[in-house]
Amino acid sequence: MQKNLSIENLLDEYYKALNATYSTHDASEYSYRSALENLLNSLLQPEYQAINEPRNMTCGKPDISIIRKRDAVTVASIETKDINKPDLEGKGRNQEQFDRYKKAMNHAVFTDYLRFLFYESGNDTPILDIRIGTC
């Protein structure tokens, strides 16, 4: 992605990238990660960096970590699920994993790339629920 774009333009580029991949009808949860990583790095640089497939943590291996560059501390972890899959709230199949992450991480985000649920310090209720579109 290009530098110096507005947040609106960055989100528009992100959404177009998701739609292009989604429209192939051959994409999986992993197919969208590069678009999300690019968006996050465009929004968070230069102080933070999004790392796809970080090393294992004591609670598991979240899909993306947000690292504060000055001290290499993980400040948030993101768990991705496929677009439009049920159970983004972690009440069914994903419950054990989501509960483990919410307990262990100060800032956890669960996303299907279009909806983002932000959790803080072990809370079971998201502090923020953002939907940026549908496919």
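The structure this text deals with has already been given above.
Below or above, wherever it landed, is the structure these notes cover.

**Here's the deal with the packing of aromatic side chains**
Working step 1: Tallying each qualifying case throughout the model produces 2 aromatic pairs.
Working step 2: An angle of 50° between the planes, with centres 5.3 Å apart, marks the rings of Tyr-32 and Tyr-113 as tilted. Taken together, the positions of Tyr-32 in the loop between α1 (7–22) and α2 (33–44) and Tyr-113 in the loop between β4 (107–111) and β5 (115–120) put the pair 81 residues apart, joining distant regions of the chain. Here the two residues Tyr-32 and Tyr-113 agree in accessibility, since each one is buried.

**Re the packing of α1 against α2**
Working step 1: At a minimum axis separation of 9 Å, α1 and α2 run at an interaxial angle of 170°. By the angle class used here, α1 and α2 are roughly antiparallel. Contacts between α1 and α2 pair Ile-7, Leu-10, Leu-11, Tyr-14, Ala-17 and Leu-18 from the former with Ala-35, Leu-36, Leu-39, Ser-42 and Leu-43 from the latter.

**Details of the layout of surface pockets**
Working step 1: Taken as a whole, the largest pocket encloses approximately 430 Å³ of empty space.
Working step 2: Lining the largest pocket are 21 residues, with Leu-40, Leu-43, Val-109, Phe-116 and Phe-118 sitting closest to its centre.
Working step 3: Looking at the lining of the largest pocket, the elements that each hand over two or more residues are α1, α2, β3 (73–80), β4 and β5.
Working step 4: Top element by residues in the lining of the largest pocket is α2. It accounts for 5 residues.
Working step 5: Residues of the lining of the largest pocket, tallied by class, amount to 20 nonpolar, 1 polar and no charged.
Working step 6: Reported here for the second largest pocket is a volume of approximately 210 Å³.
Working step 7: Around the second largest pocket, the lining residues are Glu-29, Lys-81, Asp-82, Lys-85, Pro-86, Asp-87, Arg-93 and Asn-94.
Working step 8: For the lining of the second largest pocket, the per-class residue count stands at 1 nonpolar, 1 polar and 6 charged.

About the cut-offs
Residues numbered from 1 in each chain as written. Predicted model: local features only at pLDDT ≥ 70, side-chain atom pairs only at ≥ 80, totals over all residues. Heavy atoms only, no water. Phe/Tyr/Trp six-rings, centres within 6.5 Å; stacked < 30°, edge-to-face > 60°. Helix = DSSP H or I, 4+ residues; strand = E, 2+ residues; numbered from the N terminus. Buried < 20%, exposed > 50% of the residue type's maximum accessible area, 1.4 Å probe, protein only. Axes fitted to C-alpha atoms, helices over the stretch in contact; angles between N-to-C directions. Parallel < 35°, antiparallel > 145°, perpendicular 65-115°, else oblique. Contact = heavy atoms within 4.5 Å. 1 Å grid on protein atoms, 1.4 Å probe; cavity = no way out; pocket = protein on both sides within 12 Å on 5 of 7 lines; lining within 4 Å. Points joined across faces, edges and corners; volume = space filled by probe spheres on them. Nonpolar A, V, L, I, M, F, W, Y, C, P; charged D, E, K, R; others polar.

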